[in-house]
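# Commentary on secondary and tertiary structure
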Amino acid sequence: MTTATEKNTKSISQRKLLGVAGLGWLFDAMDVGILAFIIAALHEDWGLTSQQMGWIGGVNSIGMAVGAFVFGIYADRVGRKKIFIITLLLFSLASGISAFTTTLAAFLILRFFVGMGLGGELPVASTLVSESVPAKDRGRVVVLLESFWAAGWLVAAIISYFIIPAYGWRVALLLTALPAFYALYLRLNLPDSPQFTAKKDVLRSVSTNIRDVWSKTYRRPTMMLWIVWFTVVFSYYGMFLWLPSVMVMKGFPLIQSFQYVLIMTLAQLPGYFSAAWLIERAGRKFVLVTYLIGTAASALAFGNADTVTTLLISGAFLSFFNLGAWGALYAYSPEQYPTVIRATGTGMAASFGRIGGILGPILVGSMLTAGFGINVIFAIFCVSILIGALAVAFLGTETKQMELE
């Protein structure tokens, strides 16, 4: 018997699906990655305070929270492909226009819309790919999709290192925004999810979908996802958006800080690839829990690092484990729900997580202003990540090679 998913893979190969979806993911990551370096550059260019720097990352996450919630819900109404296109268009336009801003207020408004597009795209993309790939390959392919995020961060780090010091942050922003329109063009011919197409005539209200996510049947996985999404996003955006700035605070010049972060970023790729290899062998829960514990230990080590060697090694392990955990989380989340509420459930979990993304960067800025050390701040992120690991260990169920409903 041939399933809808198997029929779909005949019309579009896994490699092409991964390439088209991943290219947009790469440009999204370039924008988020470049923001970490631009915050450090704006600190010098516009004389921003630590709290203002924290608000740039916070507003970006507010937009992501709104985007994940709204676009996740409507992906179950109008289809994954349409939302996939709309979110990338919104992200690309807002990101490009932000390069021409001259005030912090205008920059923040545009970063909100950039965040909306990005926040909506990521859970919808993982849902689309999950529903278009056979069960035996699903986890591996979704983690590989997430690996494009590491490639985007790497490109962002390279652009920041070579472009920002010589040509300024505006040119760097344009370089990350304009190529995304090519990914938009490629998506126009992408088929929609076969599982959504098979059930698109099942009319369900938005309120019914939202209510079902918290129904007795799905309450436990929803609670688990909301906890882990919050703790992971809180720590990720708190740590990584501040990474170049933290390096400067530890006494390194801006250009040298960019160089060190570039080296740390390289460790993201083996983090993804190892998670992709393990996820169909050891399972989702094992990968998530193991990589989250590794992230927590690395965060603690990085916060207390006092030499260049320990800083680079702990930073590399932080990138390795954290991004591997992200890949597993994107593979695990859509598998918790049936097709009719899959994008809604995944989007709501991601949206709640983005609240953590709002609080993380603002917390760092506020604590630095209050005189707390980097070691104390990273210890908070260590505890947060451990809470996420415990939620997966005790509330999660294994979904390895499970057929989606």
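Residues numbered from 1 in each chain as written. Predicted model: local features only at pLDDT ≥ 70, side-chain atom pairs only at ≥ 80, totals over all residues. Heavy atoms only, no water.

Counting secondary structure elements, the protein contains 19 helices and zero strands. Here the C-alpha atoms of the protein give a radius of gyration of 20 Å, agreeing with the 22 Å that 2.2 N^0.38 yields for 405 residues. Reported as C-alpha extents along the three principal axes, the dimensions of the protein are approximately 65 × 45 × 35 Å. Burial status across the protein gives 61% buried among its 405 residues. Sequence-distant contacts, at least 24 apart, represent 86% of the contacts inside the protein between residues at least 6 apart. Charged side chains in the protein number 28 positive and 19 negative. The centres of these two groups are separated by 5 Å. (Helix = DSSP H or I, 4+ residues; strand = E, 2+ residues; numbered from the N terminus. Rg over C-alpha atoms; globule rule 2.2 N^0.38 Å. Buried < 20%, exposed > 50% of the residue type's maximum accessible area, 1.4 Å probe, protein only. Contact = heavy atoms within 4.5 Å. Lys, Arg positive; Asp, Glu negative; His and termini not counted. Charge placed at Lys NZ, Arg CZ, Asp CG, Glu CD.)

Moving on, we get to helix 2 (residues 14-45). Helix length check: helix 2 (32 residues) gives 45 Å between terminal C-alpha atoms against 46 Å at 1.5 Å per residue, within 8%. By the largest-angle criterion, A36 marks the main kink of helix 2, which is about 30°. Among the 32 residues that make up helix 2, 25 are buried, leaving the element largely enclosed by the rest of the structure. Remark: G47 follows helix 2 within two positions and exhibits a positive phi of approximately 65°. (Expected span 1.5 Å × (residues − 1). Bend = angle between axes of the 7 residues up to and from the residue.)

A separate point is the packing of aromatic side chains. Per the counting criterion, the structure on display carries 22 aromatic pairs. Considering the side-chain rings of W46 and W169, the 5.5 Å spacing of their centres and the 85° angle between planes classify their relative orientation as edge-to-face. Taken together, the positions of W46 in the loop between helix 2 and helix 3 (50-78) and W169 in helix 8 (residues 169-177) put the pair 123 residues apart, joining distant regions of the chain. Using a relative accessible area of 23% as the deciding quantity, one classes W46 as partly exposed. With centroids separated by 6.1 Å and ring planes inclined at 20°, the aromatic side chains of F317 and F321 adopt a geometry described as stacked. (Phe/Tyr/Trp six-rings, centres within 6.5 Å; stacked < 30°, edge-to-face > 60°.)

Among the nonpolar cores identified, the biggest contains 130 residues, and I56, W149, W153, L225, V228, W229 and F378 are the most heavily contacted of them. Formed jointly, this core draws a minimum of three residues from each of two domains, domain 1 (13-193) and domain 2 (207-404). Those residues in contact with W149 that sit more than four places away from it in its chain are W25, D28, A29, V32, L118, L122, Y236, Y237, Q268, Y272 and L323. If you look at the next biggest cluster of nonpolar residues, it comprises six residues, including F71, A75, I83 and V124. (Core = buried A, V, L, I, M, F, W, Y, C linked by side-chain atoms within 4.5 Å. Domains from an automatic or database assignment.)

With that settled, the discussion passes to the pattern of salt bridges. Under the criterion given, the structure shown has eight salt bridges. A salt bridge links D137 to K136; its shortest N-O distance comes to 3.0 Å. Residue class for D137 comes out buried when judged on its relative accessible area of 12%. Given the relative accessible area of 54%, K136 is considered exposed. With a shortest N-O distance of 3.4 Å, D137 and R140 are connected by a salt bridge. With D137 and R140 both in helix 6 (residues 135-162) and three residues apart, this pair spans about one turn of that helix. You can call R140 partly exposed: its relative accessible area is 31%. Three or more residues are tied together by salt bridges with common partners; here these are D76, R80, E131 and R342. (Salt bridge = Lys/Arg side-chain N within 4 Å of Asp/Glu carboxyl O.)

All quantities given are derived from atomic positions and should not be read as evidence of function.
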